[in-house]
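Topology and contacts: notes
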Amino acid sequence: MCALMGNKGIETDDAEPALEELMEKARQAAQNSYSPYSKFRVGAALRLASGAIVTGTNVENASYGLTICAERSALVRAVAEFGPAIKIAAVAVANLNGAASPPCGACRQMLAEFVLPDAPVAFPAADGTCVMPFRDVLPVAFGMKLK
Ligand SMILES: [Zn+2]
């Protein structure tokens, strides 16, 4: 299910330079993390279908529960900057803690509203950077769109 970046012969090879650039943007965004409580510094970068790249970082709160993740931070910034019609073509998540950090359930559901099903999602896993199509990251999203 998870293809590791840097392996030869996997289907993500063609997209890897662009994904690696997106990962670097996510790492840069993590430098701005506000995480005085957990010290877990996370960054996310979204590439929109338009080609624009929007980044976000986690912003914690003393209440803990009001903390927002890097992925949702990037998503709300993307909508604020480019409007409600955005389509997310690729997602990269990075952290400065050397830990595995796939998007959490809340972020997966929020991304589902705007992401293309085939969009690659790259995130730190236990044994390298994992790349998965969004449809595998959240196979059954909640939705209210009537077909
Ligand atoms: Zn999250």
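Use the structure listed above.
What counts, and at which threshold
- Residues numbered from 1 in each chain as written.
- Predicted model: local features only at pLDDT ≥ 70, side-chain atom pairs only at ≥ 80, totals over all residues.
- Helix = DSSP H or I, 4+ residues; strand = E, 2+ residues; numbered from the N terminus.
- Rg over C-alpha atoms; globule rule 2.2 N^0.38 Å.
- Buried ≥ 20, exposed ≤ 12 C-beta atoms within 10 Å, placed from the backbone.
- Contact = placed C-beta atoms within 7 Å.
- Pairing = 2+ DSSP bridges.
- Core = buried A, V, L, I, M, F, W, Y, C linked by C-beta atoms within 7 Å.

Scanning the protein from N- to C-terminus turns up 4 helices and 6 strands. The linear arrangement of helices and strands in the protein, starting from the amino end, is β-α-β-β-α-β-α-β-β-α. Taken over the C-alpha trace, the protein has a radius of gyration of 15 Å; the compact-globule value for 147 residues is 15 Å, and the two agree within 12%. Taking the principal axes of its C-alpha atoms as reference, the protein extends roughly 45 × 40 × 25 Å. Within the protein, the fraction of its 147 residues that count as buried is 37%. For the protein, restricting intrachain contacts to residue pairs at least 6 apart in sequence, the fraction spanning at least 24 positions comes to 60%.

Moving on to the pairing of strand 5 (residues 120-125). Look at any regular strand and the pattern is simple: side chains alternate between the two faces of the sheet. Here strand 5 lies mainly inside the structure; 5 of its 6 residues are buried. Two strands pair when backbone bridges link them, and strand 4 (residues 88-95) and strand 5 are joined in this way by 2 bridges, in the parallel orientation. For A92, the partnering residue across the bridge sits in strand 5 and is A122. Connecting the antiparallel pair strand 5 and strand 6 (residues 128-133) is a turn made up of 2 residues.

Let us now look at the sheet that holds strand 4. The strand order across the open sheet built from 6 strands is 1-6-5-4-2-3, with neighbouring strands paired in mixed fashion. Taken across any chain shown, the strands that pair with only one partner, and hence form the sheet edges, are strand 1 (3-4) and strand 3 (53-57). Strand direction decides the pairing type here: strand 2 (residues 42-48) and strand 4, joined by 7 bridges, are antiparallel. In the strand pairing of strand 4, G43 is matched with A94.

With that out of the way, let us pick up the nonpolar core. Within the largest apolar cluster, 37 residues are counted, with the highest numbers of intra-cluster contacts made by A26, A44, L46, V91, A92, V93 and A122. Those elements that place two or more of their residues in this core are helix 1 (16-30), strand 2, helix 2 (70-82), strand 4, helix 3 (105-112), strand 5, strand 6 and helix 4 (134-137). Ranked by the residues each element gives to this core, the list is headed by strand 4, at 7 residues. If we ignore the near neighbours within four places in the chain, the residues touching L46 are I53, V54, A74, L75, A78, I88 and V91.

Extensive coverage of strand 2 is indicated by the burial of 6 of its 7 residues. Taken together, the 5 bridges between strand 2 and strand 3 define a ladder with antiparallel strand orientation. Within strand 3, the position partnered with A44 by the bridge is G56. Where strand 2 folds back onto strand 3 in an antiparallel hairpin, the turn is made up of 4 residues, including G51, whose phi is positive at roughly 100°.

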